[in-house]
Structures are given as structure tokens and as C-alpha cells.
Amino acid sequence: MKVSEILKNKDVTISCEIFPPKKGSQLDNYKSVAEEIAKLNPAYISCTYGATGGTSDYTVEIADTINSFGVPAIAHLTCVSSTREKVQTVIGELKDRGIENILALRGDIPENADFPLPNQYHHAIELIREIKEEGDFCIGGACYPEGHPEAANMDEDLNYLKEKVDAGCDFLTTQMFFDNNIYYRFLYKALAKGIDVPITAGIMPVTNASQVKRAISLTGNLVPAKFLSIVDRFGDDPAAMKQAGIAYATEQIIDLIANGASHIHIYSMNKPDVAAAIMHNLSHIYTA
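Predicted, not measured: the structure shown is a model, and the values here were computed from it. (Residues numbered from 1 in each chain as written. Predicted model: local features only at pLDDT ≥ 70, side-chain atom pairs only at ≥ 80, totals over all residues. Heavy atoms only, no water.)

Next up on the list: the confidence of the model for the chain. When pLDDT is averaged along the chain, the result is 89; 91% of the residues meet or exceed 70. Across the chain, the element-wise mean pLDDT spans from 67 in helix α8 (residues 209–219) up to 98 in strand β6 (residues 171–174). (pLDDT = per-residue confidence, 0-100. Helix = DSSP H or I, 4+ residues; strand = E, 2+ residues; numbered from the N terminus.)

As C-alpha cells, then:
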């Protein structure tokens, strides 16, 4: 099923994200993670394209496994470090496996590499257009409520985002944020630019202190003083930090739903127990 159809529903949806293994010997374990998360009945599950040390070669297979559990899968596809031939091959594999949803991303520019190489992509817009030409896919894109780290300002970033939507993006998913007011302001700015596709709120449950540092380094996120206090108080106690991180993410989601945000995407980091705890906390708010 296409995610765009799911997001047309006015009911609240909660989806999750997982990442592929570093090596093939781990594949069965990662498929088990996908199965455990699928048992929570999320609206859909996305699989990243080699993020967090995972290997992109396994993204298609894990997405296919997710579909086999009766949960719609989104396969991430990044382009900046790939040739057009490689991307065409992956698109063909997705088509052959009946995977209808692709999250089209530029990806991180490789360190110590000449960029762009011949026959290489510059931006996600090029990838989106190519996917659109290759088949009847539902195409998602990423957005940054605090502005892309490489953008000169928010206005420039929103102009580029509008180009992605015009190129064929059916929905957008935000990078993680820890202050809901940032998300609410972003929605108003996006709408003012004519961006009218569904924008799913990306929430990351931070269950250890090192995740905070990584989140800031990757995205430049503003971390509210309230959350920093939680990390300062519980960061050295893994069990307490995990519980506090789940509680904070739950509180964020409750506030989002209460204020009319119908679609939530949990960056579950291959932790079914964390996703399950959040779902349990929302048991009377969200019904799968």
C-alpha cells in the first residue's frame, strides 16, 4: 500500500524506522527486529539506506521482509554517493519486489571524495524526478524544521523544499526535533510557500546521553533546556535515561496529536522495546 494513501486518512498514524545491518551474517537478526516492530502494527516501517553503519545492499531485502509481515515498507534511497547506474539497479529491484514507497534523499557527501563525480547526482530533486519517470512509486522526501545545515537560511531551504514537492514528492518526513514549537512554526512557513503535502513529524526517543551529542552534530538541533536537564540528571544511569527518554518522546507525541498533528514517525533505532513502550504509553490515544 502506498504511504500517500495512508496519510490521506485523518486518523492518527504512527510509523517506525529501522536500519540495515553492517554485514550479511547479521541479516536474520535485523529481520527479527523488523518482525518485532511489525507486531506493534505501525502504519508503515521505513528502512534506511545504510545509515548508522548499515549496508545499503540490504535495504531492499529488509523492505521486502517488512512487506511480508503485512506492513507497508518504505525503502530509503540516497543518491549523492551513487552512480545513476547503481540507482537504476536499485529502483529496478524495488519494482521487482513490489515495494511501492521510496524515501528519496541526497545523502551525506562522502569525506575525501571529489564531488560531484561524472554521472553522479547533485541533489535529491534529480533523484525524485528519475524515480517519477521509472514507475508508479509513492515518493517521500526529508525536511528540516530548523533548516538544512547547509542552507544559507530557512527561506532558501523552503524554496528548495518546494522544488522537491513540485518534482514529485508525495509526502515529507521531518528530521528529529525536540521542541514541538519548532515543528508548528515550520508547518506555517511551509504552507506559506505552497507546500501542501503531508508533513510527518519525526520523533527520536533519546535513550542514552551519547545520542544527544550525535543528534546535535548531525543536524544542529536546538535541544531545549528541559531536555538537557533530563540528560544531566539521568545520563549516567542507563536505565533511568532510557525511561526518561521514552517519557519525553511520549510527551512530545501527545502534544503533537493534541494540536492536530496526525502523523508521527518514530526513529526507533532498531529498538523494538523502545517503540513498544511508547505505543503502550499511547494505548488510549492511538489505536493501531
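What follows covers the packing of aromatic side chains. Counted under the stated rule, the structure contains 5 aromatic pairs. With a centroid separation of 5.4 Å and 15 degrees between ring planes, the pair formed by Phe 178 and Phe 227 is classed as stacked. Of this pair, Phe 178 sits in the loop between β6 and α7 (180–192) while Phe 227 sits in helix α9 (residues 225–234), and the two are 49 residues apart along the sequence. When sorted by exposure, Phe 178 lands in the same class as Phe 227, which is buried. (Phe/Tyr/Trp six-rings, centres within 6.5 Å; stacked < 30°, edge-to-face > 60°. Buried < 20%, exposed > 50% of the residue type's maximum accessible area, 1.4 Å probe, protein only.)

What follows deals with the nonpolar core. Judged by nonpolar contacts, the single largest core of 69 residues is most densely connected at Ile 18, Ile 66, Leu 77, Ile 131, Leu 172, Ile 195 and Leu 256. When residues no more than four places from it in sequence are discounted, the contact partners of Leu 172 are Gly 141, Ala 142, Cys 143, Leu 161, Val 165, Ile 195, Val 197, Pro 198, Ile 199 and Thr 200. (Core = buried A, V, L, I, M, F, W, Y, C linked by side-chain atoms within 4.5 Å. Contact = heavy atoms within 4.5 Å.)

Here the focus is the packing of helix α10 (residues 238–258) against helix α11 (residues 272–281). Helix-helix packing: each pair is described by the crossing angle between the helix axes and the interaxial distance. Packing of α10 against α11 brings their axes to within 10 Å, and their N-to-C directions diverge by 50 degrees. Classified by the angle their axes make, α10 and α11 are oblique. Seen along the crossing, α10 lies across α11 with a hand that is right-handed. Residues Lys 242, Ile 246, Ala 249, Thr 250 and Ile 253 of α10 form the contact with α11, whose participating residues are Asp 273, Val 274, Ala 277, Ile 278 and Asn 281. Broken down by class, the residue content of the contact of α10 with α11 amounts to 6 nonpolar, 2 polar and 2 charged. (Axes fitted to C-alpha atoms, helices over the stretch in contact; angles between N-to-C directions. Parallel < 35°, antiparallel > 145°, perpendicular 65-115°, else oblique. Left-handed = near helix turned anticlockwise from the far one by under 90°. Nonpolar A, V, L, I, M, F, W, Y, C, P; charged D, E, K, R; others polar.)

What follows concerns the pattern of salt bridges. One pass over the structure, following the stated rule, counts 12 salt bridges. The shortest N-O distance in the salt bridge between Glu 36 and Lys 39 comes to 3.1 Å. For Lys 39, a relative accessible area of 54% translates into the label exposed. Glu 126 serves as the salt-bridge partner of Arg 84, at 2.9 Å between the closest nitrogen and oxygen. Here Arg 84, found in helix α4 (residues 84–96), pairs with Glu 126, found in helix α5 (residues 124–134); they are 42 residues apart in sequence, far enough to count as distant. (Salt bridge = Lys/Arg side-chain N within 4 Å of Asp/Glu carboxyl O.)

This structure, assessed with the given rule, holds 0 disulfides. Summary of cysteine pairing: Cys 79 is not part of a disulfide, and the nearest cysteine sulfur, belonging to Cys 169, is at 12 Å. Looking at Cys 138, it has no disulfide partner, and the nearest cysteine sulfur is the one in Cys 169, 9.1 Å off. (Disulfide = S-S within 2.5 Å.)

The subject of this paragraph is the pairing of strand β8 (residues 263–266). Side chains of β8 alternate between two faces, with His 263 and His 265 and Ile 264 and Ile 266 buried alike. The sheet contact formed by strand β1 (residues 13–18) and β8 spans 4 bridges and is parallel. Bridge assignment links Ser 15 to a residue of β8, and that residue is His 265. (Pairing = 2+ DSSP bridges.)

Before going further, it helps to spend a moment on helix α6 (residues 154–167). Here α6 contains 14 residues, and its C-alpha end-to-end distance of 20 Å stays within 8% of the 20 Å for a straight helix at 1.5 Å per residue. Every buried residue of α6 is listed here: Met 154, Asp 157, Leu 158, Leu 161, Lys 164, Val 165 and Ala 167. If you follow the buried residues of α6, they end up packed against α5, β5 (138–143), β6 and α7. N-cap assignment for α6: the residue whose side-chain oxygen lies 3.2 Å from the backbone N of Asp 155 is Asn 153. (Expected span 1.5 Å × (residues − 1). Polar contact = N/O pair within 3.5 Å; in protein donor to acceptor, adjacent residues only side chain to side chain.)

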